[in-house]
Amino acid sequence: MTETNAYHVRSLLMRESLLDRQVERSTEGAVFRMLPEAHVLKIGGRSIMDAGRSVVYPVVEVLADCLKTWKLILGTGGGVRTRHVFSIGIDLGLPTGVLAQVAAADALGNAHMLGTLLSPYGVVAIPPEIFGHLLPLFIHSAPGVVFSGVPPYSLWEHPPGVGRIPPHRTDAGAFLLAECFGCRSLTLVKDVDGLHTADPKLDPSAELIPEISVAEIRRRAFPTLPFEPVLLDLLENARLLDRFQIVNGHEPGRIREALEGRHVGTIVHADRR
Amino acid sequence: MDDLLTDLGQALVEGSLSDQDLLARTGGPLPVQILPEANVIKVGGQSFIDRGRVAVFPLIEEVVANLGRHKMILGTGAGTRARHAYSVGLDLGMPTGVLSVLGTFVSMQNARMLNYLLAKHGIPFIEPAQFAQLPLYLAERGAVIFFGMPPYVYWQQNPAVGRIPPHRTDTGSYLVSEVLGARSMIFVKDVDGLYTADPKKDRNARFIPRITVSELRAMDLQDVVVERAVLDLMENAQHRRSIQVINGLVPGNLTRALEGESVGTIITVD
């Protein structure tokens, strides 16, 4: 049983089980950054896009201004329509993977709306099928791009521990993209100033937490978070990104400040720095 | 209140998706089984397809013999060329997401090769974008082939340790069986199933015919027979709460596994 007659090609991992922990450890090493100058911003669905013209236009104005200075990769959330299709899908008995697959269309719709508003600046929504592969080309040919923040998990979305909502939504999609492409920063643009001691929409005495680590967030077990909880797992295992910032897009000037590297919301940082 | 929305719908539209109480309400009754008659079969890359004709031809014959008796969704592993690509890619500093793209290409090669061997039986190879046609192909021809890699590409998550994509072809195949509510998930490998150590390296390795995920975790094995992510995902699964790993080099094993017999290692969640 020791010798196989498989036709191997010579490589370091040739006869190794990729499931062996020692082999896994041996694969650690420096990671190449594909787009170290680009910034990733996730524009909230419910928090920004669904709020309509009064919120979106000022955000677009700031983004247009920022595009003169920085290369931006803009992901969009799906917002209320995604919540709605989740509720119908759950009522119809559909599994998590199907919910993830059908919900992708909502964020894509928002991407096209944002892309339409940014088209005077040469920034459009890129179809998901080509977005990843052509991203470096777009970034070097245009001031920025818009994509639906949805990661391509679709039917292959992981069933969550609790309930049936897909755990990898558009915050996760923006995070994973920024990590894989080695981007300079990730900013989540929402309708709250950041993470608070309690949900500020329910408790007006809630206080803003300017900076916090993944371990601290886990320890304090907040009842809600202003970002997808799976980001904690992803940040823990990130090699290139060591933080992300949540900023309030209803104060659009903060988007520019965040890109300048200023601390204007909540910074969540990895513990291994 | 909008009476077009259920209470849950209203809560989802207004509430936070990080709220555990709200999430708990989204569990509902078990999801529908989309293809309850289908069996998902993962054909190993390094462990099987890389062995060439001697391993693959008898398995193909066995698949053909089961057409009309069992519906089969065949996923392919990647194998030795993926290991080569990962090795070179790691040396060049490729991030995990790029390694995932490379792994996808190799499992796609294997899927295409199996596809040509089964073509005369009218069995198609489908990419993720064609999964909407899967039910038709399965109803008409009784089997389809897909590449086992989940289509995460650049969005593949980093592993906790190292840089090899943690969600590879075992995971991609398993998730297909879970989301479709399939009848079984069978991993075709070149070993009889799970051992206490890698039987290719350790002659004292002991065979384990049946085990739960929690027992498996407690053993804290250096090496396991399926991707660890499969075990994690099984714990959250709604439907596919058992898998079987079989030795496809033994004629008849696949058929017996399709009949529901235990011929390898069955891993379950409690």
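Trainee: Residues and numbers for the nonpolar core, please.
Mentor: One finds A:V145, A:V146 and A:L177 to be the most contacted residues of the largest nonpolar core, which totals 156 residues. When we break this core down by domain, the ones giving at least three residues each are domain 1 (1-27) and domain 2 (37-268) of chain B. Other than its neighbours up to four places away in sequence, A:V145 contacts A:I73, A:L74, A:V123, A:I126, A:L135, A:F138 and A:I139.

Trainee: Which residues make up the interface of chain A and chain B, and what values go with them?
Mentor: Taken together, the 67 residues of chain A in the interface contact 71 residues of chain B. Of all the elements in the fold, those that place two or more residues in the side of chain A that touches chain B are α1 (21-26), α3 (79-91), α4 (96-118) and α6 (170-180) of chain A. Counting residues per element, the side of chain A that touches chain B draws most heavily on α3(A), which supplies seven residues. Partitioning the side of chain A that touches chain B into residue classes produces 35 nonpolar, 21 polar and eleven charged.

Trainee: Quick rundown of the domain arrangement of chain B? Include the residues and the values.
Mentor: If you check the domain split of chain B, you get domain 1 (1-27) and domain 2 (37-268). Placing a centre on the C-alpha atoms of domain 1 of chain B and another on those of domain 2 of chain B gives a separation of 36 Å.

Trainee: Before we move on, can you summarise the sheet that holds strand β5 (residues 184-189) of chain B with the specific residues and values?
Mentor: Residue and element names in this part refer to chain B. A sheet is described by the order of its strands in space; here eight strands give the open sequence β3-β4-β2-β1-β5-β9-β10-β8, paired in mixed fashion. Two strands in the sheet have a free side with no partner beyond their single neighbour: β3 (125-126) and β8 (210-212). Both strand β1 (residues 38-43) and β5 contribute to a ladder of five bridges, which runs parallel. Across the sheet, the residue bridging to V40 is M185, located in β5.

Trainee: Which residues make up the sheet that holds strand β4 (residues 185-190) of chain A, and what values go with them?
Mentor: Residue and element names in this part refer to chain A. Sheet architecture is open: seven strands sit in the order β3-β2-β1-β4-β6-β7-β5, paired in mixed fashion. Strands at the two margins of the open sheet, each flanked by one partner only, are β3 (144-148) and β5 (211-213). Neighbour to neighbour, the strand axes of the sheet diverge by 20° on average, direction disregarded. Bridge count for strand β6 (residues 243-248) against strand β7 (residues 266-269) is four bridges, and the pairing is antiparallel. Each residue of the ladder has a partner; that of I246, found in β7, is T266. Each of β1 (39-43), β2 (72-76) and β3 is contacted by α4, which is oriented at about 155° to β3, the strand it contacts most.

Trainee: I'd like a description of the pairing of strand β2 (residues 71-76) of chain B, backed by residues and values.
Mentor: Residue and element names in this part refer to chain B. In terms of residue burial, β2 counts as a mostly covered element, since six of its six residues are buried. Of the two faces of β2, the one lined by K71, I73 and G75 and the one lined by M72, L74 and T76 are each fully buried. In this fold, the crossover linking β1 to β2 by way of helix α3 (residues 53-66) has right-handed handedness. Across five bridges, the pairing between β2 and strand β4 (residues 143-147) is parallel. Directly across from M72, in β4, lies its bridge partner A143.

Rules behind the numbers
- Residues numbered from 1 in each chain as written.
- Chains lettered and ligands numbered in written order.
- Predicted model: local features only at pLDDT ≥ 70, side-chain atom pairs only at ≥ 80, totals over all residues.
- Core = buried A, V, L, I, M, F, W, Y, C linked by C-beta atoms within 7 Å.
- Buried ≥ 20, exposed ≤ 12 C-beta atoms within 10 Å, placed from the backbone.
- Domains from an automatic or database assignment.
- Contact = placed C-beta atoms within 7 Å.
- Helix = DSSP H or I, 4+ residues; strand = E, 2+ residues; numbered from the N terminus.
- Nonpolar A, V, L, I, M, F, W, Y, C, P; charged D, E, K, R; others polar.
- Pairing = 2+ DSSP bridges.
- Axes fitted to C-alpha atoms, helices over the stretch in contact; angles between N-to-C directions.
- Right-handed = clockwise from strand over helix to strand, strands pointing away.

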